[in-house]
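# Results of the structural survey
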Amino acid sequence: MNTEQPLTADTFLAGLWRENPVFVTVLGMCPTLAVSNSVLNALAMGLATTFVLIGSGALVSLLRNVIPRAVRIACYIAIIATFVTVVDYLIQAISLRLYQALGAFIQLIVVNCIILGRAEAYASRHPPLASMINAAGNGLGFTLALLCLGTVRELLGSGSLLGIPLLGPQFAPWVIMLLPPGGFFVLGGWLLLFNWRQRKQGVKIPVAEVHRHGA
Amino acid sequence: MNTPLPLEQTSLPMIRALGLIALVSGVLIVVAYEQTAPRIERNRQQAIDAAVFALLPGAQTRRDFVLATNTLRAATVADQGDRLYAGYDSDGQLRGLVLPGAAAGYQGVVSLLYSYDIACACVTGMRVLQSLETPGLGDRIGSDAAFLQNFHQLDARLDAAGNRPAHAIVTVRHGRRQQAWEIDAIAGATISSRAVGKAIARSTEHWLPAVHAQISLLQGAAHEH
Amino acid sequence: MAPDALPRIFLDAMLINNFVLALFLGICPFLGVSTQIRTALPMGLATAFVMLISSLCAYGINALLLWLGLPFLRLISYIVVIAAAVQLVEMFVKKTSPTLFRALGIYLPLITTNCAILGLALFQTLREYDLPQSLAYSLGAGLGFTLALVLMAGMRARLALVSVPRISQGAALGLLLAGMLSLAFMGFAGLGGQ
């Protein structure tokens, strides 16, 4: 991982699907579970995280030759916290209702390990443009995963998508899907699906992956 | 760490980097804050307007008041904490008051606004602002028509001295409502319903003595700024 | 905000709104370190300790920032102070009790990136808790985190002896287990709600 990789389509696409931060490397679980109870929340959270990823990726990459190794983590966290504060105010300016729905989880983007992981593993070794493209890929991969969860949970939990009722009045909503256990079950289900697909394709399941990181 | 370098060689780049980052971060945050602050404030005001005008039909404008040392006064921008909203129609007549309340429910805090009519000394409507109550059960406190009917003429009179409510507003089990100051709970959501009752009871106790002592201040405030 | 009694805040943070099982904070250490009770317990207690320290720090910082009129620096100060607090705790434990340090050593640095800690600081600010309330909240949250970790470790220890389908090994199985545990914890809702 220490060498610089050339800028290809894969810089963007890897994070989107093959190395999807949620489904494959199992990073950033907390916001994934907490705000995926409706499609709109999932989308807003995903885009906010993408914004922070791109912004911090660009800044870390620009400053990569100035930051001493000893204090690099502190520097990355300060940069990430800056962008999170910015996005926090932006969301409040766009819609107060959305801000209330996402609650403290906007500020908790700071400790989303996807972002620190990208800063450390990619942006600190690559030029700004590549870092931003890579960050965008990972951010959209994260958004995609959130949408996968949000769609299932909103459809089964309230019988609607984006607030538009779809399943008709006879449908009795599975309230459990909107509650915390539903989050765990749906994400567990998606991971099973991914593992099954990968096993069919003969890729090794990253079992040990989850033991390696924090939040 | 085995071969210590001279101080300026180890710490200078560190200080330079941290200073640079602090500068960039500071500029970014301050610019974002300055740019968004007016819009955030406008959104907040619009949300309050929407709730107040929905609870007080006919109201066109509102004035905010705060309670400081048991006395109401017009709120200024710097005032923190809970506010009372007085709604006025186009002729400047007081249409009613909207008061805030909050209490612990089943999962988290239920916060709400309710409207209060001075002439009948009763609550006339209620709106849940934020709650974490169970979807489909507890969260019906904000939507159940029969439950919301409780707040149409809910008795909130003060005692003869005007210092405290004559009867504390209280939530009773579903189907047991007998008095005008009782709230009939939603079947299967008693704890959430009780939170609503408790929030209104606490809030009336806190605000109403001052409201009734200063009716003329509230009635005459329509055109002041 | 209604004034909440201390026991209620404590119970709320520990059981009703358990940080891991109801608020989804600190999922990664929860899944990562809950394979054995032997490691789960010290990890939980170390986290609880750091929670207590950072709750105190966050209370002080918030008061200072409000006094200075700089609320927009809240997030950035919290995270920096939490990272520093973890470092301090690490150094302190190393100096005073090398045995404890060896037991916790590997887990301590992990705690910085545990979002339960930052979550605690943010939630206590959001709820405008005063100092005793913040302490009750952080104690409850810490013990609740430990409880969830130990329970999960107990369940996983049982499962280690059974064969499960290969696709459900690792995180997927952990999440399904956590879902069941979370379902069980929903039974605590309404506790103390009179």
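Residues numbered from 1 in each chain as written. Chains lettered and ligands numbered in written order. Predicted model: local features only at pLDDT ≥ 70, side-chain atom pairs only at ≥ 80, totals over all residues. Heavy atoms only, no water.

## Some remarks on a nonpolar patch on the surface
Residues and elements named next belong to chain A. A cluster of nonpolar side chains, contributed by Leu 40, Leu 162, Ile 164, Leu 166 and Leu 167, occupies part of the molecular surface with about 470 Å² of accessible area. Note that Leu 40 resides in helix α3 (residues 39–62). Accessibility expressed as a relative area gives 47% for Leu 40, which makes it partly exposed. (Patch = residues over 30% accessible without salt bridge, like charges linked within 9 Å, V, L, I, M, F, W, Y side chains within 5 Å. Areas by Shrake-Rupley, 256 points an atom, 1.4 Å probe, with all protein chains shown as cover. Salt bridge = Lys/Arg side-chain N within 4 Å of Asp/Glu carboxyl O. Helix = DSSP H or I, 4+ residues; strand = E, 2+ residues; numbered from the N terminus. Buried < 20%, exposed > 50% of the residue type's maximum accessible area, 1.4 Å probe, protein only.)

## Some thoughts on the packing of aromatic side chains
Summed over the entire model, instances satisfying the criterion amount to eight aromatic pairs over all chains. Taken together, a centroid distance of 6.4 Å and an interplanar angle of 70° make the contact between Phe 51 of chain A and Phe 83 of chain A edge-to-face. In this pair, Phe 51 of chain A sits in helix α3 while Phe 83 of chain A sits in helix α4 (residues 72–94), placing the two residues 32 residues apart along the sequence. The exposure class assigned to Phe 51 of chain A is partly exposed, which follows from its relative accessible area of 34%. One aromatic cluster in this structure is built from Phe 19, Phe 123, Tyr 129 and Tyr 137 of chain C. (Phe/Tyr/Trp six-rings, centres within 6.5 Å; stacked < 30°, edge-to-face > 60°.)

## A few points about the pattern of salt bridges
Pairing between side chains of opposite charge can happen when their charged atoms approach one another. Residue and element names in this part refer to chain B. By the definition in use, this model includes seven salt bridges over all chains. Of the charged contacts, one joins Asp 89 and Arg 95 as a salt bridge, the two residues approaching to 3.4 Å between their closest N and O atoms. In this structure Asp 89 comes out as buried when scored by relative accessible area, which is 12%. The residue Arg 157 makes a salt bridge to Asp 155 at a minimum N-O spacing of 2.8 Å.

## A look at the confidence of the model for chain B
Detailed conclusions should not be drawn from predicted coordinates in areas where pLDDT is low. Chain-level pLDDT for chain B is 82 on average; 92% of the residues reach the 70-or-more range. Interface predicted TM-score (ipTM) for the complex: 0.79; the corresponding pTM is 0.80. (pLDDT = per-residue confidence, 0-100.)

## Things to note about the interface of chain A and chain C
The interface is formed by 41 residues belonging to chain A together with 42 residues belonging to chain C. Carbon and sulfur atoms supply 82% of the area that chain A and chain C bury against each other, a total of about 3,600 Å² over both sides. Per-residue buried area on chain A facing chain C is highest for Phe 184, Phe 185 and Leu 192 of chain A; these three make up 17% of the total on that side. If you look at where chain A meets chain C, you find zero salt bridges. Only α2 (29–34), α4, α6 (113–121) and α8 (180–200) of chain A provide two or more residues apiece to the side of chain A that touches chain C. Element by element, the count of residues in the side of chain A that touches chain C is highest for α8 of chain A, at twelve residues. Here the residues of the side of chain A that touches chain C are counted per class, giving 31 nonpolar, nine polar and one charged. (Contact = heavy atoms within 4.5 Å. Buried area = accessible area lost by both parts, 1.4 Å probe. Nonpolar A, V, L, I, M, F, W, Y, C, P; charged D, E, K, R; others polar.)

## Brief notes about the sheet that holds strand β7 (residues 154–155) of chain B
Residue and element names in this part refer to chain B. Ordered by their spatial adjacency, seven strands build an open sheet running β2-β1-β3-β4-β5-β6-β7, and the pairing between neighbours is antiparallel. At either end of the open sheet lies a strand with only one pairing partner, and these are β2 (71–74) and β7. Sheet topology places strand β5 (residues 109–117) next to strand β6 (residues 122–130); seven bridges connect them, and they run antiparallel. Residue Leu 113 lies in a different strand from β6, and its bridge partner there is Arg 127. The sheet strands contacting helix α3 (residues 190–213) are β1 (61–68), β2, β3 (84–88), β4 (94–104), β5 and β6, and the helix crosses β4 at an angle near 135°. (Pairing = 2+ DSSP bridges. Axes fitted to C-alpha atoms, helices over the stretch in contact; angles between N-to-C directions.)

## A short note on the confidence of the model for chain A
With 92% of its residues at a pLDDT of 70 or more, chain A shows a mean pLDDT of 82. Segment residues 205–215 of chain A is flagged for pLDDT under 50; beyond a separation of four residues in sequence, or across chains, it makes 36 contacts in the model.

## Regarding the packing of helix α7 (residues 128–158) of chain A against α8 of chain A
Residue and element names in this part refer to chain A. At a minimum axis distance of 10 Å, the contact between α7 and α8 shows a crossing angle of 125°. Taken together, α7 and α8 sit at an angle that is classed as oblique. Viewed along their axes, α7 and α8 form a crossing whose handedness is right-handed. Here α7 contributes Cys 148, Leu 149, Val 152 and Arg 153 to the contact with α8, which in turn contributes Gly 182, Gly 183, Val 186, Leu 187 and Trp 190. (Parallel < 35°, antiparallel > 145°, perpendicular 65-115°, else oblique. Left-handed = near helix turned anticlockwise from the far one by under 90°.)

## Looking at the state of the cysteines
Residue and element names in this part refer to chain B. A complete count under the given rule lists one disulfide over all chains for this structure. The residue that forms a disulfide with Cys 120 is Cys 122, at a sulfur-sulfur distance of 1.8 Å. Its S-S torsion of approximately -50° makes the covalent link between Cys 120 and Cys 122 left-handed. Among the residues examined, Cys 120 registers a relative accessible area of 35% and is labelled partly exposed. (Disulfide = S-S within 2.5 Å.)

## What to know about the packing of α3 of chain A against α6 of chain A
All names here are of chain A. In the contact formed by α3 and α6, the axes pass within 10 Å of each other and the chain directions differ by 25°. Classified by the angle their axes make, α3 and α6 are roughly parallel. Crossing handedness for the pair α3 and α6: right-handed. Across the interface between the two elements, Thr 49, Val 52, Leu 53, Ser 56 and Val 60 of α3 pack against Ile 114, Ile 115, Arg 118 and Ala 119 of α6. Of the residues in the contact of α3 with α6, the class split is six nonpolar, two polar and one charged.

## Digging into the nonpolar core
Phe 23 of chain A together with Phe 19, Leu 25, Ile 27, Phe 30 and Leu 118 of chain C are the most contacted members of the largest nonpolar core, which has 119 residues in total. The element contributing the most residues to this core is α4 of chain A, with 13 residues. Each residue touching Leu 25 of chain C, except ones within four places of it in the same chain, is listed here: Cys 30, Phe 105 and Leu 108 of chain A together with Phe 19, Val 20, Cys 115, Ala 116, Gly 119 and Phe 123 of chain C. Among the nonpolar cores identified, the runner-up in size contains 37 residues, and Met 126, Leu 154, Ile 200 and Ala 210 of chain B belong to it. (Core = buried A, V, L, I, M, F, W, Y, C linked by side-chain atoms within 4.5 Å.)

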